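If you want the building blocks of each chain, they are given just below.
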Amino acid sequence: MNVTNDRFKDRQLHIEDYLQMVSAESKEYAEVSACQRIAENNRIITDFQTDGLLEKILQPTNLNNAYKKVKSNKGAGGVDGMSVDELLPFLRDNQVKLIQQLKDGKYKPNPVRRVEIPKETKGEFRKLGVATVVDRVFQQAITQVLSPIYEEQFSENSFGFRPKRGVHDALKQCQQNVDDGYVYVVDMDLVALSSIVALFGTYQIAANGIAQSIWSLAALVCVTMGPVFITVIGQCMGAGDAEQAEYYFQKLLKATLLFSIVWNTAVFAVMPVIMPFFDVAPQTRSLTVWLVLIHNVFNCIAFPFADPLGKGLRAAGDVKFTAVWSLVTTIGVRLLASALLAILFNMGVIGIALAMSLDWCVRAVVFYIRFKSGKWKNHQLI
């Protein structure tokens with residue numbers, strides 16, 4: 001199973017505490033995924049595809065197709081009272097002015113109109129926001145240009161809010177996973193962490209985003225060694241040789257620690273070379289450096305035990321123990337510590353990074369004690 005990087009999952013878009021209609025004309029309402037690094041296919045570099053995006057969006061053909069999509073979907077009007085049927089005459093009379101406003105960066109979308117629709121629970125209503133039909137045309141025009149760029153990067157296991165994919169496709173994939181012999185399901189939602197980060201100032205959010213990009217580079221050693229643990233330990237335990245598995249556990253752990261220390265030190269050492277590529281204020285740059293330092297230190301000393309060692313224990317058949325403790329530390333340590341450090345102690349994204357590190361430390365101690373106890377040897381692989 002491919003595991004994508006988890007960042008900012010399913011952050012809802014709110015205007016005065018109610019949800020907006022999905023910006024693309026998909027006849028759905030937004031609990032919209034605003035995900036960073038949910039892509040599996042990171043070989044596709046979008047930076048090379050961003051030239052002339054506004055020109056592509058404002059091409060007559062693209063705008064005409066956007067209008068046709070909005071028209072075909074019908075739907076209610078927004079705060080200006082304009083209906084879909086009134087849209088074409090308005091666009092004919094005002095297209096030049098609207099396009100120039102977009103080019104000049106002076107176009108201002110209208111507020112969304114609040115509506116309520118009944119929930120499945122009797123007497124309860126869901127608050128939604130309906131954009132004006134003009135705004136929906138431009139939203140759709142943007143979607144038509146950006147979607148082909150980013151769609152190629154999405155995981156094959158991602159089904160939400162994607163063209164020609166939906167809940168029925170997700171159920172088919174679940175059935176396929178069952179048929180392939182998978183028996184465990186782990187359901188986690190860390191939207192609260194994303195919401196906590198979103199509470200802080202712009203410079204902190206920017207620093208956190210830049211730091212996460214560098215964290216991904218710094219984590220390469222442990223990410224690479226995880227499958228090695230799974231393969232080697234799984235083969236040893238499959239052959240019924242627990243002693244050989246313990247030997248390779250120790251050998252691989254030493255190698256992971258050594259390479260991780262060297263690699264994380266090297267990544268931090270080149271920060272003066274990396275940071276100029278990000279055109280940010282000195283305050284943001286300084287905070288980014290601190291976030292990377294915190295991450296890299298604990299990525300050296302704790303993460304090899306928290307992740308690759310955990311994968312090795314799972315490969316040995318100790319699945320239930322590692323899965324339960326992973327959930328316990330994620331929720332009981334990372335989430336609670338994030339709220340405590342970031343909000344109560346006003347540490348901002350530094351508190352989030354420290355909470356993540358604390359999660360790794362607790363998990364590392366638990367997994368290492370489990371490894372030294374030898375209880376993982378009692379499991380048998382089929």
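Structure report, in brief. Every chain is numbered independently, its residues counted from 1 as its sequence is written. Two thresholds apply to this predicted model, a pLDDT of at least 70 for residue-level local features and 80 or more for giving and counting side-chain atom pairs, whereas whole-chain, interface and lining totals are computed over all residues. Think of the side-chain values as coming from all heavy atoms in the structure, minus any hydrogens and water.

This next bit is on the overall build of the protein chain. Helix and strand counts for the protein chain come out as 15 helices and 4 strands. Relative accessibility decides the category of a residue: with a 1.4 Å probe and only protein chains considered, values under 20% of the type maximum give buried, values over 50% give exposed, and everything between is partly exposed. A burial count over the protein chain gives 38% of its 382 residues as buried. Working note: accessible area of the protein chain is about 22200 Å², and carbon and sulfur atoms make up 59% of it. Numbered from the N terminus, helices here are DSSP runs of H or I no shorter than four residues, and strands are runs of E no shorter than two. Areas reported as accessible are Shrake-Rupley estimates using a 1.4 Å probe. Residue values count occlusion only from the protein chains shown.

You can see Gly-332 is positioned in helix α14 (residues 319–344). Linking Gly-332 and Asp-359, residues 27 residues apart in sequence, is a C-alpha distance of 8.7 Å.

Axes here refer to lines fitted to C-alpha atoms; in helices the fit is confined to the stretch in contact. Angles between the N-to-C directions go from 0 to 180 degrees. Their axes nearest at 9 Å, the elements helix α7 (residues 202–218) and helix α15 (residues 348–373) cross at an angle of 35°. Residues Gln-204, Asn-208 and Trp-215 of α7 pack against Gly-348, Val-349, Ala-353 and Met-356 of α15. Gly is placed with the polar residues, together with every amino acid not listed as nonpolar (Ala, Val, Leu, Ile, Met, Phe, Trp, Tyr, Cys and Pro) or charged (Asp, Glu, Lys and Arg). Its residues placed into classes, the contact of α7 with α15 shows 4 nonpolar, 3 polar and no charged. We call two residues in contact when some of their heavy atoms are within 4.5 Å.

The span one expects for a helix is its residue count, reduced by one, times 1.5 Å. With 14 residues, helix α2 (residues 60–73) should cover 20 Å at 1.5 Å per step; its first-to-last C-alpha distance of 20 Å lies within 8% of that length. Those residues of α2 that sit buried are Asn-62, Leu-63, Ala-66, Tyr-67, Val-70 and Asn-73. On an axial view of α2, the arc spanned by its buried residues comes to 140°, and they lie on one face. Relative to its buried face, α2 has exposed residues pointing more than 90 degrees away, namely Pro-60, Thr-61 and Lys-68. On its buried face, α2 sits against α1 (53–57), α3 (87–104) and α4 (133–151). Taken from the residues just after α2, Lys-74 is the one with a positive phi, measuring 60°. Picture the helix axis, draw a direction to every C-beta atom, and the arc is the one those directions span.

So, about a nonpolar patch on the surface. Patches were defined on residues exceeding 30% relative accessible area and lacking a salt bridge, with like-charge contacts within 9 Å and nonpolar side-chain contacts (Val, Leu, Ile, Met, Phe, Trp, Tyr) within 5 Å. Here a salt bridge means any side-chain nitrogen of Lys or Arg lying within 4 Å of a carboxyl oxygen belonging to Asp or Glu. Residues Leu-340, Leu-344, Phe-345 and Met-347 make up a contiguous nonpolar surface patch of about 400 Å² in total accessible area. Within the fold, Leu-340 resides in helix α14. Note on Leu-340: relative accessible area 40%, which makes it partly exposed.

Each packed pair of helices is defined by two parameters, the angle between the axes and the distance between the axes. The geometry of helix α8 (residues 220–238) relative to helix α9 (residues 242–269) is characterised by a closest axis approach of 10 Å and an angle of 170° between their N-to-C directions. As judged from the angle between their axes, α8 and α9 are roughly antiparallel. Here Leu-220, Val-221, Cys-222, Met-225, Val-228, Phe-229, Val-232, Ile-233, Cys-236 and Met-237 of α8 come into contact with α9, specifically with Ala-242, Gln-244, Ala-245, Tyr-248, Phe-249, Leu-252, Leu-253, Thr-256, Phe-259, Ser-260 and Trp-263. Taken together, the residues of the contact of α8 with α9 break down into 18 nonpolar, 3 polar and no charged. Between 65 and 115 degrees an angle is taken as roughly perpendicular, under 35 as roughly parallel, over 145 as roughly antiparallel, and anywhere else as oblique.

Turning to the pattern of salt bridges, a few remarks are in order. Following the criterion strictly, the structure yields 10 salt bridges and no others. Between Glu-156 and Arg-165 there is a salt bridge; the shortest N-O distance is 2.9 Å. Arg-334 is paired through a salt bridge with Asp-359; the nearest N and O atoms lie 2.9 Å apart. In this pair, Arg-334 sits in helix α14 while Asp-359 sits in helix α15, placing the two residues 25 residues apart along the sequence. Taken together, the shared-partner salt bridges in this structure form one network comprising Glu-243, Glu-246 and Lys-377.

Of all hydrophobic cores here, the largest spans 49 residues; its most connected members are Ile-214, Phe-249, Leu-291 and Trp-376. The leading source of residues in this core is α15, at 10 residues. Those residues in contact with Trp-376 that lie beyond four places of it in its chain are Met-237, Ala-242, Ala-245, Glu-246, Phe-249, Leu-313, Ala-316, Asp-318, Arg-370 and Phe-371. The nonpolar core is taken to be a set of buried Ala, Val, Leu, Ile, Met, Phe, Trp, Tyr and Cys residues, with the residues joined through side-chain atoms within 4.5 Å. Judged by nonpolar contacts, the second largest core, of 21 residues, contains Leu-53, Ala-66, Val-134 and Ile-149.

Below, the discussion takes up the environment of Tyr-107. Its place among the elements puts Tyr-107 in the loop between α3 and β3 (113–118). You can call Tyr-107 buried: its relative accessible area is 17%. The spatial distance from the C-alpha of Tyr-107 to the C-alpha of Lys-97 is 9.6 Å, given a sequence separation of 10 residues. When near neighbours in sequence (up to four residues on either side) are disregarded, Tyr-107 contacts Leu-98, Gln-101, Leu-102, Val-134, Asp-135 and Phe-138. Polar contacts involving the side chain of Tyr-107 include one to the side chain of Asp-135, which spans 2.3 Å. Distance and chemistry together define a polar contact, namely a pair of N or O atoms within 3.5 Å, with one atom able to donate a hydrogen and the other to accept it when in protein, and with adjacent residues in sequence counting only for side-chain atoms on both sides.

On to the environment of Glu-246, then. Among the structural elements, Glu-246 can be located in helix α9. Once the C-alpha coordinates of Glu-246 and Trp-376 are considered, the two residues, 130 residues apart in sequence, prove to be 9.9 Å apart. Ignoring any residue separated from it by four or fewer positions in sequence, one finds Glu-246 in contact with Phe-371, Trp-376 and Lys-377.

In this structure, Lys-164 is a non-glycine residue whose phi angle is positive, near 60°. Tracing the sequence through the fold places Lys-164 in the loop between α4 and α5 (167–179). On the basis of relative accessible area, Lys-164 is assigned to the exposed category, the value being 86%. Of note in the backbone geometry, Asn-346 takes a positive phi value of approximately 55° without being a glycine. Along the chain, the position of Asn-346 falls in the loop between α14 and α15. Relative accessible area serves as the criterion here: at 66%, Asn-346 is assigned to the exposed category.

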